[in-house]
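Geometric and topological summary
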Amino acid sequence: MIRLGVPSKGRLMEQSFEWFAARGVTLSRSGSDREYAGRVDGVEGMSLILLSAGEIPRELAAGRIDLGVTGTDLVREKLTGWKSDVAEVAPMGFGHADLILAVPDCWRDCVDLDDFAAIARDFRAVHGFRLRIATKYHRLVRAWLAAHEVADYQLVDSQGATEGTVANQTAEAIADITSSGETLRANNLKVLAEDPILRSQATLFAHRASLADCGPFLAQLGLEA
Ligand SMILES: Nc1ncnc2c1ncn2[C@@H]1O[C@H](COP(=O)(O)OP(=O)(O)OP(=O)(O)O)[C@@H](O)[C@H]1O
Ligand SMILES: O=P(O)(O)OC[C@H]1O[C@H](OP(=O)(O)OP(=O)(O)O)[C@H](O)[C@@H]1O
């Protein structure tokens, strides 16, 4: 039996169901909206497991699911050396979002990362603590800032409503996912003029050791293992 993990709610779940339906595989919840078991029609030997998008990387790496749909951002953030345990099978063309660094609109002199690095350097001397960046993407943000030689900052953990932390004065800057940009605008934040830290989209991943077993199913979807 091949175990397929799909996000259990929201647009990511609906668009995953549509993506499989367009390839002849019908996924559905077996019971109520609160029940996390699913049905697979159109193919033999598959079971559907509905779970949080954020948990799918760990379940894939452990081999508790063989295939899973989640964002590339979550796999890269949550799995160190992700390529050893997990294989990227197919980008799915939805769930596009950029991981970006944003600062208050009113920081007129802060346009790019060089400006940000200079502000961060001066910040500690003036305020007595390092400039705070709120994020849930600790690993990706640290690696990106280190690659750009920005060192004078601290990360503040934020697992939701991250854009609100600046107005709430628990951070000076944020690193989060943006899609339409509306949440940033509503919170008077602007993105630094750099390439994003990461461009993410929903992607079908496989537990690497399950790839061979998944071959026939992937072929039915028109994909190669
Ligand atoms: N506004 C957005 N537009 C498109 N994709 C988004 C957006 N916000 C988040 N995503 C993507 O959706 C995925 C996360 O989805 P979601 O927040 O439902 O998962 P989760 O962390 O498991 O949530 P929860 O903890 O609430 O269950 C990530 O891959 C992210 O890149
Ligand atoms: O650029 P936009 O189209 O406005 O989308 C960006 C927002 O979407 C995500 O939040 P989500 O709704 O998943 O809530 P969360 O941050 O509380 O997890 C993300 O964390 C941003 O807050």
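Here the structure is a predicted model, which means the values were calculated and not measured.

1. Topic: the sheet that holds strand β2 (residues 26-29)
As summarised here, the arrangement of the seven strands in space is β2-β3-β4-β1-β5-β13-β6, forming an open sheet in which the pairing is mixed. Whereas interior strands pair on both sides, the edge strands pair on one side only; in this sheet they are β2 and β6 (86-91). In this sheet, adjacent strand axes meet at a mean angle of 30° when their direction is disregarded. Lying on the sheet, helix α1 (residues 10-21) is in contact with β1 (2-7), β2, β5 (67-71) and β13 (202-207); it crosses β1 at an angle near 135°.

2. Let's talk about the site of ligand 2
Neighbouring ligand 2 are the residues Gly-160, Ala-161, Thr-162, Glu-163, Asp-176, Ile-177, Thr-178, Ser-179, Ser-180, Gly-181, Glu-182 and Thr-183. Elements represented by at least two residues in the shell around ligand 2 include exactly β10 (173-178) and α8 (182-186). No other element matches β10, which puts three residues into the shell around ligand 2.

3. Some remarks on the UniProt feature "domain: ATP phosphoribosyltransferase catalytic" (unreviewed entry) in the protein chain
Here the UniProt-annotated "domain: ATP phosphoribosyltransferase catalytic" (unreviewed entry) positions come out as residues 53-212. Counting secondary structure, residues 53-212 comes out at 34% helix and 29% strand; the distance between its end C-alpha atoms is 24 Å.

4. Digging into the confidence of the model for the protein chain
As a note on interpretation, predicted positions should not be read in detail where pLDDT is low. Confidence along the protein chain averages 96 in pLDDT terms, with 100% of residues attaining 70 or more. Across the whole predicted complex the pTM is 0.95, and at the interface the ipTM reaches 0.93.

5. Brief notes about the environment of Ile-119
Its place among the elements puts Ile-119 in helix α5 (residues 113-127). Overall, the presence of 19 C-beta atoms within 10 Å leaves Ile-119 in the partly exposed class. For the pair Ile-119 and Val-191, spaced 72 residues apart in the sequence, the C-alpha separation amounts to 15 Å.

Parameters and conventions
Residue positions within a chain follow its written sequence, with the count starting from 1. Labels are handed out in written order, letters beginning with A for the chains and numbers beginning with 1 for the ligands. Reporting of local features is limited, given that this is a predicted model, to residues whose pLDDT is at least 70; pairs of side-chain atoms are given and counted only at 80 or more, and all residues count toward the totals for whole chains, interfaces and linings. Two strands are said to pair when DSSP picks up at least two bridges between them. The helix count covers DSSP runs of H or I at least four residues long, the strand count covers runs of E at least two residues long, and both are numbered beginning at the N terminus. Lines fitted to C-alpha atoms define the axes here, with helix axes fitted over just the stretch in contact, and angles between the N-to-C directions of these axes take values from 0 to 180 degrees. Any residue pair is listed as a contact if its two C-beta atoms, each placed from the backbone, are within 7 Å. Each residue gets a C-beta atom placed from its backbone. Should that atom fall within 6 Å of a molecule or strand, the residue is termed near it. UniProt positions are given in the numbering used here, feature names are shortened, and annotations may be inferred rather than shown by experiment. pLDDT: the predictor's confidence for each residue, scored from 0 to 100. Exposure classes come from backbone-placed C-beta atoms, where a residue is buried if 20 or more other C-beta atoms lie within 10 Å of its own, exposed if 12 or fewer do, and partly exposed in between.

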